[in-house]
Amino acid sequence: MKKGLLIILSGPSGVGKGTVRQELFKDESLNLAYSISMTTRKPRPTEKEGIDYFFVSEEEFKEKIEKGELLEYAQFVGNYYGTPQFYVDQLLSEGKNVVLEIEVQGALQVMAKCPHALTIFLVPPSLEELERRIRGRRTEEESIVQERLAKARKEIATKDEYKYVVENDDVVAAKEKIAKIIKENL
Ligand code: 5GP
């Protein structure tokens, strides 16, 4: 069976990676599978274990790093996030096109390890709009919002490392652009 395509969907926190990803997954012709990440962040009220993330302790996370079980990992605003290698390999060998929805430090690690990965960076229409979206979640305190915004500015500065940069001004339009890019790369 032909191996699937590894797809990195990155972009600053709050840009709408998750919403665009959900829209992409409605399109069955893309044959996508989502790589569920591991994190030490506490779950938000709507998030579910094993669906949004595998929520683990810092100790468990560090054990995974030591055993070499993560394809990539990063620290982001005080928490660890990483991609378990095992599921990615399994899904790719089943012919699925695997989506990693990850931040920039992790994306750069995957680019170095997997130069053929399809890399897409989502940008917000403006920084003001990004701030509005981050605040719209209303789940984080001001200091965390400020940290996420400062981080976002640095992340946007790396966008030229990616094969494609897509503006997320409208979820459906962004989904259409990304679906076209994926199909061209299959
Ligand atoms: P959040 O706390 O908003 O869920 O995620 C914070 C940031 O970490 C987001 O940019 C998200 O895409 C990213 N992220 C989620 N999972 C992973 C992962 O496995 N690895 C890396 N490097 N970043 C991740």
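Residues numbered from 1 in each chain as written. Predicted model: local features only at pLDDT ≥ 70, side-chain atom pairs only at ≥ 80, totals over all residues. Heavy atoms only, no water.

(A) Inspection of the sheet that holds strand S6 (residues 79–84) at higher detail. Pairing within the open sheet is mixed, and its four strands lie in the order S4-S3-S6-S5. Edge positions in the sheet fall to strand S4 (53–55) and strand S5 (70–76), since each has one partner strand and no second. Between one strand axis and the next, the sheet turns by 25 degrees as a mean value, whatever way the strands run. (Pairing = 2+ DSSP bridges. Helix = DSSP H or I, 4+ residues; strand = E, 2+ residues; numbered from the N terminus. Axes fitted to C-alpha atoms, helices over the stretch in contact; angles between N-to-C directions.)

(B) Highlighting the environment of Gly-16. Of note, Gly-16 is situated in the loop between strand S1 (6–10) and helix H1 (17–25). On the accessibility criterion, Gly-16 (18% relative accessible area) is buried. Considering only alpha carbons, one finds Gly-16 and Ile-65, 49 residues apart in sequence, at a separation of 28 Å. Apart from the residues within four sequence positions on either side, Gly-16 is in contact with Leu-122 and Asn-168. (Buried < 20%, exposed > 50% of the residue type's maximum accessible area, 1.4 Å probe, protein only. Contact = heavy atoms within 4.5 Å.)

(C) Just the sheet that holds strand S7 (residues 97–101), in detail. Pairing is parallel in the open sheet, where five strands are placed in the order S2-S7-S1-S8-S9. Unpaired on one side and paired on the other, strand S2 (32–34) and strand S9 (164–167) mark the two borders of the sheet. Pairs of neighbouring strands in the sheet enclose a mean axial angle of 25 degrees, with direction left out of account. Taken together, the three bridges between S2 and S7 define a ladder with parallel strand orientation. Note on S7: the bridge partner recorded for Tyr-34 is Val-99.

(D) Structural view of the UniProt feature "binding site: ATP" (unreviewed entry) in the chain. If you check UniProt for "binding site: ATP" (unreviewed entry), the listed places come out as Gly-11, Pro-12, Ser-13, Gly-14, Val-15, Gly-16, Lys-17 and Gly-18 in our numbering. Checked against the element boundaries, Val-15 lands in the loop between S1 and H1. Those residues in contact with Val-15, other than ones at most four positions away along the chain, are Leu-122, Val-123, Pro-124, Leu-130, Arg-133 and Asn-168. (UniProt positions renumbered as here; feature names shortened; annotations may be inferred.)

(E) Just the site of the ligand, in detail. The full set close to the ligand counts 16 residues, and Ser-37, Arg-41, Tyr-53, Tyr-81 and Glu-103 are the nearest of them. Take Thr-83: an N or O atom from its side chain is 3.4 Å from an oxygen atom of the ligand. Expressed as a share of its isolated accessible area of 510 Å², the protein-covered part of the ligand is 95%. Contributions of two or more residues to the shell around the ligand are made by S5 and S6. Here the shell around the ligand is composed, by residue class, of five nonpolar, four polar and seven charged. (Near = heavy atom within 4 Å. Polar contact = N/O pair within 3.5 Å; in protein donor to acceptor, adjacent residues only side chain to side chain. Areas by Shrake-Rupley, 256 points an atom, 1.4 Å probe, with all protein chains shown as cover. Nonpolar A, V, L, I, M, F, W, Y, C, P; charged D, E, K, R; others polar.)

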